[in-house]
Every structure is written in C-alpha cells, then in structure tokens.
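Understanding the architecture of this molecule
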Amino acid sequence: MTNIPLRNGGPQARIAVIPGDGIGKEVIPVAVKCIQAATAKHRRPIEFVDFDWGADKYLRENVTLPAGAVEMLRDHFDAILFGALGDPRVPSNQHAADILLGLRFKLDLFVNARPTELLHTRYTPLRDVTLDDIRLMVFRENTEGLYVGVGGFYKKDTPDEIAVQEDVNSRKGVERIIRHAFEYARAHNLKRVCMSDKSNAMTYAGNLWQRVFQSVRADYPAIDSRHLFIDTLAMELVREPRQFDVIVTNNLFGDIISDLAAQLAGGLGLAPSGNIHPGRTSLFEPVHGSAPNIAGKGIANPFGAVLTSGLMMEFLGWNDEAHALKNAVKSALNDNCTTPDLGGSHTTAQVSDYLVNHLAKHM
Ligand code: ATP
C-alpha cells in the first residue's frame, strides 16, 4: 500500500512534449515513438502535444516561457516530456533558466528523482559488480537549499568583497521529500532508505534534517533507515553500491551524488530523471544536455530519453509499459545496438528502429 498519489493511473494520458534545443529535438521524437509502441497493445489513449519552446523561439520572438504556460500545463496535462535546453547563440542561457527553472518552481516539483540501474556490466567503471549490485534511486530536494538564489554581495568589486549564499530549508520542504523517499520505498517493496546530510558541519540545516528524519522514519518501522554524512555516502557508493536502495538528500548534495551514482551505471547517455510533485503535472527529462557539439549529426544517444519515458510511465501508473521501455533499452545494449558515445556505430535512427521493433514484438 502506498500513499503516493498517482497523477493519472487511469486509462488515458495527455503529455506536453518540449524537445527544446540541440539533441533534445533528436532524442525526444524517439522517446515518443517508443511510448506509442509500448502503449499500443493495451490501447492506452495517449495524446502528445508539441511545444516549440527553446532557443529558436527565444531568438525569433523574444519569448521564453509564454504567458499562461504554467497554468495551461498544470490544468490540462498529466506530464511533460522535456528534452534539453542550451544553445551557443544564447550564451546567457536565459531561455533555459526561464523555462526549466520556471516550470520546476512554479509547478512546485519538489522531488528530483534520479534512478540508477546498471543495464549492462560493460558500462560500469567498477570491477566485479553484477547487474543486481547497482539499482538505486536518489531523491534530491528540488525547490530549496542553496539553489533558491537568496544572498547577496557586500562591497562588490572591491578587495574586501563578500558574497553570501543562503541555504534555505523549511520544515515542510524537508519533511515532504523525506516522506516521499519512504513512501517510494514502501510502494516498491524496497527495504533500505538512507538520508544524507552534513549535519556535523552545517549544524542548523542539518539539525532540522536530522529531527525531521527521526520523526518520519518512526512511521516506517518495516524499512531499514540509516543516516550517512554526504562525504561518507560518496565513498560508500563507490565502494559498495549494493548497500543502497533509496537515498534522500538536499538540493546541492543530491545534484552531486546523483551524478556520481549515474556514472556507476554508464553516465549521461543512460541517465533518466523526473521532476515530480506526486499527484500533479510533473516534468521528465534525460539528464544530459543539448550537446551542441553533436546536434544535427544523427548520432545522439536516445536511451536517456527513452528511460526517462519509462519513469514517466511509472508516474502515470502504467507499470507494464515502464518495464517494457527499460527492457527495450536493455536488449539494445545486449545486442550492441548503440550510438558512438557508448562505443557503438549506430545512428539515432537505427537505434530508434531497433527499440520500436523490440517493443512491437514484446508488448
Ligand atoms: P549542458 O549540460 O550545459 O546543456 P552539454 O549538452 O554540452 O551542455 P552534457 O549534457 O553534459 O552537456 O554533455 C556533455 C557531452 O557529452 C556532450 O557535449 C556530448 O558530446 C556528450 N553527450 C551528452 N549527451 C549525449 C547523448 N544523448 N548522446 C551522445 N552524446 C551525448
């Protein structure tokens, strides 16, 4: 039993598709085709609506996130499938900040979910690990911490300059992310939750995290919960990743530790993520960026986007489809059907055909 509300769980879904810039425009269409193949068998009606928000629109019309966009997404869509933003013609990255951060904050997407699963032993830098050794979920608090932009300069541009960056932690914010980690563990029959902070050095924020953790964990006696300082967690993740099922931590530490975890299973090209508010419209994006250096060459690796779609299916409560998408990627890796970044010689289109055929056969 779980208390995580599903956004949908019903027979149909409406997805806003924002491919964005660079290779986002190449990998997201592959993800959409794969979702269509995965949902065809059970005839789940799924509607995709494309939005062209990104650098081209910004340069052409000076529009980043159009007026009313947040309300429209919130009220009329179940989820957002997002590619990547970033274009050398917009060095300020203003459009990316407005669109992505705007959606994260205005939709209150407080859970950053970053699953890591080793799909083929070829892709881990660790020795002597099996697929079962690396399967974990990192939950990063996504709306508070050091990333809220509270702070300032004093005596700027003088030799006595001081910069202050505040770490904002609300009881409500800390509690909802920790509770989500436990609810996720319970819903997925996972036995271990690790909360990580730096409460020995950052004593005020850390103390709040510790107190909230103690109080929330008491509600989940069947789950083995522990605490590790973030530096210890970094070491332990590399030394013995099989210790971990679910990790929960703050915005900054989560940003770093989830990248470390992703690298254990193959890195950027295989890393999905979700920006979630359980029960509300949430946003799913591959971890990689727009990769302008390879954009338009037809060699972008679509696996991160396809695994991201699997995460989105899970969010919708469509677990068969979520498994099918992951299995399709696993099969492609087993058959060496990969793009050059993963050591293969296939194009994005060839990988796409493989995945769609696999899904058509195995659903
Ligand atoms: P940013 O993250 O700032 O948007 P970026 O896209 O260049 O910029 P990353 O996503 O970190 O940054 O990617 C770094 C490099 O890794 C890319 O330039 C590209 O060469 C490679 N890369 C990333 N994602 C992929 C992918 N899906 N397929 C192939 N190569 C990739």
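Residues numbered from 1 in each chain as written. Predicted model: local features only at pLDDT ≥ 70, side-chain atom pairs only at ≥ 80, totals over all residues. Heavy atoms only, no water.

Brief notes about helix H7 (residues 230-239)
Since there are 3.6 residues in each turn of an α-helix, residues three or four apart along the chain are aligned in direction. The condition is simple: Only protein chains enter the accessibility calculation, which uses a 1.4 Å probe; a residue whose area is less than 20% of its type maximum is buried, one above 50% is exposed, and one in between is partly exposed. Under the DSSP-based scheme used, a helix requires at least four consecutive residues in state H or I and a strand at least two consecutive residues in state E, with every element numbered from the N terminus. By definition, the arc is the one covered by directions from the helix axis to the C-beta atoms. Residue contacts follow a heavy-atom distance rule, with two residues in contact if any of their heavy atoms lie within 4.5 Å.
The complete set of buried residues in H7 reads Ile-230, Leu-233, Glu-236 and Leu-237. Buried residues of H7, seen end-on, are gathered within an arc of 115 degrees and therefore sit on one face of the element. Exposed residues lying more than 90 degrees from the buried face of H7 are Met-235 and Arg-239. Residues of H7 that are buried sit in contact with strand E5 (135-141), strand E8 (192-197), strand E9 (224-229), strand E10 (246-249) and helix H8 (251-264).

Some remarks on the site of the ligand
Cut-off, in case you're wondering: By convention in these notes, a residue is near a molecule or strand provided one of its non-hydrogen atoms lies within 4 Å of it. As used in this structure description, the phrase polar contact means that two N or O atoms lie within 3.5 Å; if the pair is within protein, one of them must be able to donate a hydrogen and the other to accept it, and residues adjacent in sequence are counted only when both atoms belong to side chains. In short, Shrake-Rupley with a 1.4 Å probe defines the accessible areas, and a residue's cover is counted only from the protein chains shown. Throughout this entry, Asp, Glu, Lys and Arg are counted as charged residues, while Ala, Val, Leu, Ile, Met, Phe, Trp, Tyr, Cys and Pro are counted as nonpolar. The remaining residues, Gly among them, count as polar.
Close to the ligand lie 13 residues, the nearest being Gly-289, Ser-290, Ala-291, Asn-293 and Asn-301. Between the ligand and the protein, one listed contact pairs an oxygen atom with a backbone N or O atom of Gly-289 at 2.4 Å. If the ligand stood free it would expose 600 Å²; the protein chains cover 62% of that surface. Its residues placed into classes, the shell around the ligand shows seven nonpolar, five polar and one charged.

Section: the nonpolar core
We count it as follows: Joining through side-chain atoms within 4.5 Å is the link that ties buried Ala, Val, Leu, Ile, Met, Phe, Trp, Tyr and Cys residues into a set, and such a set is a nonpolar core. For the domains described, the bounds stem from an automatic or database domain assignment.
One finds Ile-15, Phe-139, Ile-178, Phe-303, Met-313, Val-329 and Leu-355 to be the most contacted residues of the largest nonpolar core, which totals 70 residues. Lining this core are residues from two domains, each supplying at least three of them: domain 1 (1-110 + 277-363) and domain 2 (117-267). Aside from chain neighbours lying at most four places away, what touches Ile-178 is Met-195, Trp-209, Val-212, Phe-213, Val-216 and Val-248. Core analysis: the next-biggest nonpolar cluster, separate from the first, contains 19 residues, Ala-69, Phe-82, Leu-100 and Leu-283 among them.

Comments concerning the sheet that holds strand E1 (residues 13-20)
Defined as follows: Strands are labelled as partners when DSSP assigns at least two bridges between them. Where helices are involved, their axes are fitted lines through C-alpha atoms of the stretch in contact, as for all axes, and angles between N-to-C directions lie from 0 to 180°.
Taken together, ten strands build an open sheet; the order of strands is E2-E1-E3-E12-E11-E4-E5-E10-E8-E9 and the sheet is mixed. Every other strand in the sheet has two partners, leaving strand E2 (46-50) and E9 as the edge strands with one partner each. Averaged over all pairs of adjacent strands, the angle between strand axes in this sheet comes to 20 degrees, irrespective of strand direction. The sheet contact formed by E5 and E10 spans four bridges and is parallel. When the bridges of E10 are listed, Phe-139 appears paired with Val-248. Sheet strands in contact with helix H4 (residues 94-106) are E1, strand E3 (79-84), strand E11 (272-276) and strand E12 (282-286), and its direction is about 140 degrees off that of E12. The strands touched by helix H9 (residues 303-316) are E1, E2, E3, strand E4 (111-117), E5, E11 and E12; relative to E12, the strand with the most contacts, the crossing angle is about 155 degrees.

With respect to the layout of surface pockets
Test applied: Grid points spaced at 1 Å and placed over the protein atoms alone form the basis of the search, with a cavity being a set where a 1.4 Å probe fits but cannot get out and a pocket an open set showing protein on both sides within 12 Å along at least five of seven lines. Lining residues have an atom within 4 Å of a point. Grid points are joined across faces, edges and corners, and a volume is the space filled by probe spheres set on the points.
In this model, the largest pocket occupies a volume close to 1,000 Å³. Lining the largest pocket we find 41 residues, and of these Met-137, Tyr-184, His-188, Leu-311 and Glu-314 sit closest to its centre. Of all the elements in the fold, those that place two or more residues in the lining of the largest pocket are E4, E5, helix H5 (171-187), E11, H9 and helix H10 (319-334). Its residues placed into classes, the lining of the largest pocket shows 26 nonpolar, ten polar and five charged. There is about 410 Å³ of room inside the second largest pocket. If you trace the second largest pocket, you find 21 residues lining it, with Leu-100, Arg-104, Glu-285, Val-287 and His-288 closest to the centre. For the lining of the second largest pocket, the secondary-structure elements that each account for two or more residues are E3, H4, E4, H8 and E12. Among the elements that make up the lining of the second largest pocket, the one with the highest residue count is H4 (five residues). Here the lining of the second largest pocket is composed, by residue class, of nine nonpolar, six polar and six charged.

Quick look at the pattern of salt bridges
Rules: Any carboxyl oxygen of Asp or Glu that lies within 4 Å of a side-chain nitrogen of Lys or Arg is treated as forming a salt bridge with it.
Inspection of the entire model under this criterion finds 25 salt bridges. In this structure, the salt-bridge partner of Asp-52 is Arg-60, at a minimum N-O distance of 3.6 Å. Across the salt bridge formed by Asp-133 and Arg-242, the nearest N and O atoms sit 3.0 Å from each other. Separated by 109 residues along the polypeptide, Asp-133 in the loop between E4 and E5 and Arg-242 in the loop between H7 and E10 bring together distant segments of the chain. According to the relative accessible area criterion, Asp-133 is buried, its value standing at 9%. One network of salt bridges, in which partners are shared, links Asp-133, Glu-236, Arg-239, Glu-240 and Arg-242.

Examining the pairing of E8
Across the six residues of E8, five count as buried, placing the element largely inside the fold. For E8 and E10, the ladder comprises three bridges, and the chain directions are parallel. Paired with Met-195 across the two strands is Val-248, which belongs to E10.

Here we look at unusual backbone geometry
Positive phi is not limited to glycine here, since Asn-93 has a value of about 60 degrees. Its place among the elements puts Asn-93 in the loop between E3 and H4. Overall, the relative accessible area of 33% leaves Asn-93 in the partly exposed class.

A closer look at the domain arrangement of the chain
What counts is decided by this rule: Defined here as a combined quantity, buried area equals the accessible surface (1.4 Å probe) lost by two parts on assembly, summed across both.
Here the chain is partitioned into domain 1 (1-110 + 277-363) and domain 2 (117-267). Taking the mean C-alpha position of each, domain 1 and domain 2 sit 24 Å from one another. Between domain 1 and domain 2, the contact holds 23 residues from the first and 21 residues from the second. Together domain 1 and domain 2 conceal approximately 1,900 Å² of surface at their shared face, both sides included; 56% is due to carbon and sulfur atoms. Taken together, domain 1 and domain 2 are joined by two salt bridges. For Arg-176, the salt bridge identified is with Asp-108, shortest N-O distance 2.9 Å. The dominant element in the side of domain 1 that touches domain 2, judged by the number of residues it contributes, is H10, at five residues. Residues of the side of domain 1 that touches domain 2, tallied by class, amount to twelve nonpolar, six polar and five charged.

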